[in-house]
Protein chains: 2
Amino acid sequence: MSQRHTAVPAELRSRADADALIDAGYCPIPPREILDTIGGKWAIQLIVASARGPMRFTELERLIEGISRRMLTLTLRHLERDGLLKRTVYPTVPPKVEYEATPMALELYEAMLVLTNWSRRHSACVARSREDYDARQAS
Amino acid sequence: MSQRHTAVPAELRSRADADALIDAGYCPIPPREILDTIGGKWAIQLIVASARGPMRFTELERLIEGISRRMLTLTLRHLERDGLLKRTVYPTVPPKVEYEATPMALELYEAMLVLTNWSRRHSACVARSREDYDARQAS
DNA sequence: CTGTATCCTAGCAGATACTG
DNA sequence: CAGTATCTGCTAGGATACAG
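Residues numbered from 1 in each chain as written. Chains lettered and ligands numbered in written order. Predicted model: local features only at pLDDT ≥ 70, side-chain atom pairs only at ≥ 80, totals over all residues. Heavy atoms only, no water.

(A) Layout of the environment of A:Gly66. Along the chain, A:Gly66 turns up in the loop between helix H4 (57-63) and helix H5 (69-81). Taking C-alpha positions, A:Gly66 is 13 Å from A:Leu46, a pair spaced 20 residues apart along the chain. (Helix = DSSP H or I, 4+ residues; strand = E, 2+ residues; numbered from the N terminus.)

(B) Just the sheet that holds strand S1 (residues 55-56) of chain A, in detail. All names here are of chain A. Taken in spatial order, the 3 strands make up an open sheet running S1-S3-S2, and their pairing is antiparallel. The open sheet has two free edges, formed respectively by S1 and strand S2 (85-90), since each of these has just one partner strand. Here S1 runs beside strand S3 (residues 96-101); their pairing, made up of 2 bridges, is antiparallel. Bridged to Arg 56 within S3 is Glu 98. (Pairing = 2+ DSSP bridges.)

(C) The interface of chain A and chain B, seen in detail. In this complex, chain A contributes 68 residues to the contact, which on the side of chain B involves 69 residues. Between chain A and chain B, the buried area comes to about 6800 Å², and carbon and sulfur atoms account for 63% of it. Seen at the junction of chain A and chain B, the total is 8 salt bridges. B:Arg81 is paired through a salt bridge with A:Asp134; the nearest N and O atoms lie 2.5 Å apart. Along the contact surface separating chain A from chain B lie 20 residue pairs in polar contact (both at pLDDT 80 or more). The set of elements that each furnish at least two residues to the side of chain A that touches chain B consists of helix H1 (15-23), helix H2 (32-38), helix H3 (43-49), H5, S3 and helix H6 (103-138) of chain A. (Contact = heavy atoms within 4.5 Å. Buried area = accessible area lost by both parts, 1.4 Å probe. Salt bridge = Lys/Arg side-chain N within 4 Å of Asp/Glu carboxyl O. Polar contact = N/O pair within 3.5 Å; in protein donor to acceptor, adjacent residues only side chain to side chain.)

(D) Summary view of the pattern of salt bridges. Summed over the entire model, instances satisfying the criterion amount to 14 salt bridges over all chains. Residue A:Arg32 is joined to A:Asp36 by a salt bridge in which the shortest nitrogen-to-oxygen separation is 2.9 Å. A residue pair is termed a helical-turn pair when its members lie 3 or 4 positions apart in one helix, as A:Arg32 and A:Asp36 do in helix H2 at 4 residues. Taking the relative accessible area as the measure of exposure, A:Arg32 reaches 31% and is therefore partly exposed. Between A:Arg130 and B:Asp82 there is a salt bridge whose closest N-O contact spans 2.5 Å. One end of the pair, A:Arg130, is in helix H6; the other, B:Asp82, is in the loop between helix H5 (69-81) and strand S2 (85-90), on a second chain. In the salt-bridge network here, residues are joined through shared partners; they are A:Glu33, A:Asp82 and B:Arg130. (Buried < 20%, exposed > 50% of the residue type's maximum accessible area, 1.4 Å probe, protein only.)

(E) Up close: the sheet that holds strand S1 (residues 55-56) of chain B. Residues and elements named next belong to chain B. Taken in spatial order, the 3 strands of this open sheet run S1-S3-S2, and their pairing is antiparallel. Only two strands of the sheet have a single neighbouring strand rather than two, namely S1 and S2. H5 rests against S2 and strand S3 (96-101) of the sheet, and its axis sits at about 110 degrees to S2. (Axes fitted to C-alpha atoms, helices over the stretch in contact; angles between N-to-C directions.)

(F) View of the relation of the copies chain A and chain B. With an axial shift of 0.0 Å and an RMSD of 0.1 Å, the rotation relating chain A to chain B amounts to 180 degrees. Classification of the inter-copy transformation places it as that of a two-fold axis. For chain A, the residue whose C-alpha comes nearest the rotation axis is A:Gly39, separated from it by 2.8 Å. When the interface residues of chain A are mapped onto chain B, 100% of them again lie at the interface, so the same face is used by both copies. (Least-squares fit on C-alpha atoms with pLDDT ≥ 70 in both.)

What is shown is where atoms sit, not what they do.
See below:
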């Protein structure tokens, strides 16, 4: 696997920029692998919640509003499997388990910020577009 | 809604950075809305494919390997509804329809690049983590 | 406290056939 | 060419109950 690695431009503003990128060999398609992990309903919230330090199972359950015990367990297991969360068990009675975001997961933060930023700038536009579209369908 | 908008740091490298960000009011959780649109199996590929200029239905069908006609239509409709693709119908016989990414969609490129970049740097690590995890389960 | 185990449902997605 | 219609399976995710 060749290490073709140029600096990533700050932002795309025109179709010409897009062309240039594609010609330069950029394939801006994140692997399914990543979209599947962070695309889940709770994954990102869990990463964020455990980014500041160890969090216990019940803490997370209380913090993440609306999550079921089942999905909490499932998502934690997936994230642990992918190396995004570290799980630590203290063999006490009652049991104590802590989850903490790994450095790799913290770096995902940046990507989240870019997405969030995009959404902040365009959510109104998306909403308007949807209204228009739905109105056109109704007519 | 207050416009609390500071420059976004290039990358997070430590928990302290994460702390600082959260304290600064950043909520790095992209709305479900965005993850639901781009999280789909074909959405990103379609945006990329139509980023360089107008693309016809059949062109896309040939280009995107493995997509069914049904999913192509469905995803195109969703993206059009969200204002990420512009659909143009030429009332000719036979009919001709073109799809083209909007400027808003082109900006999503940047976010894709960041995600792809993260994945490029860490996919090996994720794969190893999974192997380890699965091996531990087997034992 | 930290989970499993079951059952259930809605929606994503594939396959196939039909149409203006 | 550019779709729609229908049937079907699969999996994410919720509700609830149980367990070490």
